[in-house]
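# Fold and contact review
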Amino acid sequence: AVAAAVALLAVMPILRQPKTSKYADLAEAVVVDRADLIRTLSQPDLFRPVLEASLASYQSGDYTQAEAKAREILAAIPTDPSALFVMALAEHKRGNLGAAFQLMSQSERIEPKTEYRCWTALQFALMSGDRILIDRECRHMDGHERYQERARQILEQVRKRQASWERPGVGLRSS
């Protein structure tokens, strides 16, 4: 019984690992753009210190505290786009891409995506492997100078990979 329990514990980390997207290696780490988030914060005079505390927690890896601080803002203003976005970032770090996309979509409905937010959405899409979202976010990046060229390179790589997977016989050995 003890040996079986030890074997089960050894296998558990393998079973819990999420399936990796075909495009995850193209994603880049999401860097927080404080200026962008403060610019879209509802009532910055009142909530900037709370948002700053949330971002500090996020950057230190304390996603629970980052979400708790973001929820303080959302308790007063349930549609605050910056608080929703920080919640999305925290969910992404926890590996909850579905929840991250949902929160990001809520934020986008309230505040149209900025260049930074489009770039972040593209990184989430690459991690999830969702081709529709990857294509959409790359198109959104087309008019944004800061990320435009990198988004084009990513889209080119995605399309090349897709084409190689769709070719008959690729990756198969003939007998």
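Whatever comes next refers back to the structure up there.
The notes below deal with the structure included here. (Residues numbered from 1 in each chain as written. Predicted model: local features only at pLDDT ≥ 70, side-chain atom pairs only at ≥ 80, totals over all residues. Heavy atoms only, no water.)

A word on the packing of aromatic side chains. Scanning the entire structure with this criterion turns up four aromatic pairs. Relative to tyrosine 63, the ring of tyrosine 58 lies with its centre 5.5 Å away and its plane at 55°, an arrangement referred to as tilted. A relative accessible area of 5% means that tyrosine 58 is categorised as buried. Relative accessible area serves as the criterion here: at 21%, tyrosine 63 is assigned to the partly exposed category. Judged by centre distance (6.1 Å) and plane angle (85°), the rings of phenylalanine 101 and phenylalanine 124 are edge-to-face. You can see phenylalanine 101 sitting in helix H6 (residues 97–110) and its partner phenylalanine 124 sitting in helix H7 (residues 115–128), a full 23 residues away along the chain. Neither residue differs from the other here; phenylalanine 101 and phenylalanine 124 are each classed as buried. The ring of phenylalanine 85 carries the charged tip of arginine 117 above its face, separated from the ring centre by 4.7 Å. (Phe/Tyr/Trp six-rings, centres within 6.5 Å; stacked < 30°, edge-to-face > 60°. Buried < 20%, exposed > 50% of the residue type's maximum accessible area, 1.4 Å probe, protein only. Helix = DSSP H or I, 4+ residues; strand = E, 2+ residues; numbered from the N terminus. Lys NZ or Arg CZ within 6 Å of the ring centre and 35° of its normal.)

Moving on, we come to helix H3 (residues 44–59). Each turn of an α-helix holds 3.6 residues, which means side chains three or four residues apart point in the same direction. Among all positions in H3, only Phe47, Val50, Leu51, Ser54, Leu55, Ser57 and Tyr58 are buried. Of the surrounding secondary structure, the elements contacted by the buried residues of H3 are helix H2 (34–39), helix H4 (63–76) and helix H5 (81–93). A positive backbone phi angle near 90° is found at glycine 61, which sits one or two residues after H3. (Contact = heavy atoms within 4.5 Å.)

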